[in-house]
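Structural features, examined
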Amino acid sequence: MLGLPQSTEVNRPLPKAQLYKKFELKQSQRDAFDADIARMEIVNFIAPQTLPGIAEGAEVKAVFVVDVELKRSDYNSKNILLISKLIPHRIIFALRFEDKVQLAVYHTKLFTAPWQSIDTALLSISGLSLDSIWQNIVAYVGELEVAEDNSLTEQIRIDDARAKLIRQIETLERQMRSTAQPRRQRELYSEIKKLKANL
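Here is a short report on the structure shown in this document. Quantities reported herein were computed from a predicted structural model and do not represent experimental measurements.

**What to know about the overall build of the protein chain**
Within the protein chain one finds 6 helices and 7 strands. Along the protein chain, helices (α) and strands (β) appear in the sequence β-α-α-β-β-α-β-β-β-β-α-α-α when read from the amino end. Here the C-alpha coordinates of the protein chain stretch approximately 65 × 40 × 35 Å along the principal axes. When the 199 residues of the protein chain are sorted by exposure, 40% land in the buried category. By sequence separation, contacts in the protein chain at least 24 residues apart represent 62% of the contacts at least 6 residues apart. Accessible surface, the protein chain: about 11800 Å² in total, of which carbon and sulfur atoms supply 50%. In the protein chain, 28 positive and 26 negative side-chain charges are present, and the distance between their average locations comes to 8 Å.

**Quick word on the packing of aromatic side chains**
On inspection of all chains with the given rule, the structure shows 2 aromatic pairs. Aromatic pair Phe-45 and Phe-64: ring centres 5.0 Å apart, planes at 40°, arrangement tilted. Taken together, the residues Phe-45 in strand β2 (residues 37-46) and Phe-64 in strand β3 (residues 63-70) connect sequence positions 19 residues apart. In this structure, Phe-45 and Phe-64 share a single accessibility class: buried.

**Section: unusual backbone geometry**
With a phi angle near 65°, Thr-108 is a residue other than glycine that sits in the positive phi range. In this structure Thr-108 comes out as partly exposed when scored by relative accessible area, which is 46%. A positive phi angle, close to 50°, is found at Glu-143, a residue other than glycine. Note that Glu-143 resides in the loop between α4 (130-141) and α5 (152-178). Judged by its relative accessible area of 62%, Glu-143 is exposed.

**Quick look at the nonpolar core**
In this structure, Leu-2, Ile-92, Leu-103 and Val-105 are the most contacted members of the largest nonpolar core, which totals 28 residues. At the level of elements, β2, β3, β4 (90-97), β5 (100-106), α4 and α5 are the ones that each hand at least two residues to this core. Of the residues forming this core, the biggest block, 7 residues, is contributed by α4. The residues contacting Leu-2, other than those within four sequence positions of it, are Val-65, Ala-94, Leu-103, Ala-121, Leu-122 and Leu-123.

**Looking at the pattern of salt bridges**
Side chains that differ in charge, positive against negative, can pair when their charged atoms come close. Scanning the model with the defined rule gives 12 salt bridges in all. Residue Glu-59 is joined to Arg-90 by a salt bridge in which the shortest nitrogen-to-oxygen separation is 3.7 Å. Of this pair, Glu-59 sits in the loop between β2 and β3 while Arg-90 sits in strand β4; the two residues are 31 residues apart in sequence, bridging distant segments of the chain. Where Arg-96 meets Glu-69, a salt bridge forms, and the shortest distance between an N and an O atom there is 3.6 Å. Remark: Glu-69 occurs in strand β3 and Arg-96 occurs in strand β4; sequence separation between them is 27 residues. A relative accessible area of 28% means that Glu-69 is categorised as partly exposed. Through salt bridges with shared partners, one network takes in Arg-39, Glu-41, Asp-67, Glu-69 and Arg-96.

**Re the pairing of β4**
Counting buried positions along β4 gives 7 out of 8 residues, so the element sits mostly inside the fold. Bridge count for β3 against β4 is 7 bridges, and the pairing is parallel. Of the residues in β4, the one forming a bridge with Asp-67 is Ala-94. The handedness of the β3 to β4 crossover, carried by helix α3 (residues 77-86), is right-handed. The hairpin turn running from β4 into β5, its antiparallel successor, is 2 residues long, and Glu-98 in that turn takes a positive phi close to 55°.

Reading guide: rules and limits
Residues numbered from 1 in each chain as written. Predicted model: local features only at pLDDT ≥ 70, side-chain atom pairs only at ≥ 80, totals over all residues. Heavy atoms only, no water. Helix = DSSP H or I, 4+ residues; strand = E, 2+ residues; numbered from the N terminus. Buried < 20%, exposed > 50% of the residue type's maximum accessible area, 1.4 Å probe, protein only. Contact = heavy atoms within 4.5 Å. Areas by Shrake-Rupley, 256 points an atom, 1.4 Å probe, with all protein chains shown as cover. Lys, Arg positive; Asp, Glu negative; His and termini not counted. Charge placed at Lys NZ, Arg CZ, Asp CG, Glu CD. Phe/Tyr/Trp six-rings, centres within 6.5 Å; stacked < 30°, edge-to-face > 60°. Core = buried A, V, L, I, M, F, W, Y, C linked by side-chain atoms within 4.5 Å. Salt bridge = Lys/Arg side-chain N within 4 Å of Asp/Glu carboxyl O. Pairing = 2+ DSSP bridges. Right-handed = clockwise from strand over helix to strand, strands pointing away.

The structure is reproduced here in structure tokens:
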């Protein structure tokens, strides 16, 4: 799956009942989970023992690929977040619905890639250590450009702050267009100018 090396394949079922029992999920969580997810399976295990030549990272010791068969394409992302928080490992989710797949990863927040055909979906492994491999995977799935002097977490924080500023500017621009008072328009314009200077 995803064009990953054969040496990383494990194909181990991840029964939902086992998750429910181990983490003592409430009935409402189980129902929400069952509404979205048909079945799960660990399909790949990326680690130094399965990919010789790759070093263990300072933070990342292994990366799992979990194939998640969905019952619907408009799934609730809270279910994927729940799995990410329950299982204390780095996980790449291959969310499958019919003949499409969507990659998802959790690193400070959930990132999802666009839906693509299962036949053409590929995930490349690049990096010399599991830390750099994980960073590259998150950057790929989240469509992030990580500056050389930033860590992945810092870059996510910077991108989130930038997105928030852009939303504030758009809100102020809408208010400026809708107001008829010249003084209020000037105030809004000056606020917009200050925010744009921070971009």
